[in-house]
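Remarks on the overall topology
Each chain is listed here by its residues.
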Amino acid sequence: MGNRAVIQMEKNPLEIYLHWNGGRDSIEPMLTYAREQGVRSGDYGVARLCQIIGNTLGGTLSLGVAPKGSYSGDEDNGTYVLDNEFNIVGRKGLRVGFTEQSAYPYEDMLSHVREKNNIHFVSDASSVGSQS
């Protein structure tokens, strides 16, 4: 068993699956980081959000992308529905008696997300591909 969740954007036909770190205490800081970096909606947004999640969690497993409705709908943390600004606007598929995970303090997790991602998100496009 994992700590599974699905992330959907309202106006995108794709969804993201997480086998681990699907609690809101992990999802919110990753979404905040996407907004901080100016990640845009649409297919690019899904790709960049996957990048942020993958960079944060590491490894080569436990992250997937598929057309909406591809996953079981039985994920531990349900399905997060996002608007085009990467805000959670809904939640589907939560079990009766669901308790929100609160293992990671928001600021600690956001700091971790920044630490794992800042090297990949540059503010000056002219520095892309340059080595320090």
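So, a few notes on the structure that sits alongside this text. These figures come from a predicted structure and were not determined experimentally. (Residues numbered from 1 in each chain as written. Predicted model: local features only at pLDDT ≥ 70, side-chain atom pairs only at ≥ 80, totals over all residues. Heavy atoms only, no water.)

**Some remarks on the pattern of salt bridges**
Selection rule: Salt-bridge detection follows one rule: a side-chain nitrogen of Lys or Arg within 4 Å of a carboxyl oxygen of Asp or Glu. The secondary structure listing takes helices from DSSP runs of H or I that are at least 4 residues long and strands from runs of E that are at least 2 residues long, numbered from the N terminus.
Applying the stated criterion across every chain, the model contains 6 salt bridges. The partner of D74 in a salt bridge is R95, with the nearest N and O atoms 3.0 Å apart. Here D74, found in the loop between β3 (63-67) and β4 (79-82), pairs with R95, found in the loop between β5 (88-92) and α3 (106-117); they are 21 residues apart in sequence, far enough to count as distant. Residues participating in the shared-partner salt-bridge network are R4, D74, D76 and R95.

**A short note on the packing of helix α1 (residues 24-36) against α3**
Test applied: Between N-to-C directions, angles cover 0 to 180 degrees, with each direction set by a line fitted to C-alpha atoms, over the stretch in contact for helices. An angle counts as roughly parallel when it lies under 35 degrees, as roughly antiparallel when it exceeds 145, as roughly perpendicular when it falls between 65 and 115, and as oblique in every other case. The crossing is said to be left-handed when, going from far helix to near helix, the turn is anticlockwise and less than a right angle, and right-handed when the turn is clockwise. Between two residues, a contact is recorded if the distance between any of their heavy atoms is within 4.5 Å. Residue type decides the class: Asp, Glu, Lys and Arg count as charged, Ala, Val, Leu, Ile, Met, Phe, Trp, Tyr, Cys and Pro as nonpolar, and the leftover types, Gly among them, as polar.
Put simply, α1 and α3 touch, their axes get as near as 9 Å, and they point 50° apart. With respect to each other, α1 and α3 are oriented oblique. Crossing angle aside, the handedness with which α1 passes α3 is right-handed. Together, D25, S26, E28, P29, M30, T32, Y33 and E36 of α1 and Y106, M109, L110, V113, R114 and N117 of α3 make up the contact between the two elements. When its residues are assigned to classes, the contact of α1 with α3 shows 7 nonpolar, 3 polar and 4 charged.

**A look at the sheet that holds β5**
Heads up, the rule is: At least two bridges found by DSSP between two strands is the condition for calling them paired.
With respect to topology, 5 strands assemble into an open sheet ordered β3-β2-β1-β4-β5, the strand pairing being mixed. A strand with exactly one partner marks an edge of an open sheet, and here the two such strands are β3 and β5. The mean angle between the axes of side-by-side strands here comes to 25°, regardless of whether they run parallel or antiparallel. Summarising the sheet, strand β1 (residues 5-9) and β4 pair through 4 bridges and their orientation is parallel. Looking at β4, one finds that V6 is bridged to T79. Helix-sheet contacts for α1 involve β1, β2 (14-18), β4 and β5, and the interaxial angle to β5 is about 150°. The strands touched by helix α2 (residues 42-57) within the sheet are β1, β2, β3 and β4, with β2 carrying the most contacts at an inclination of about 5°.

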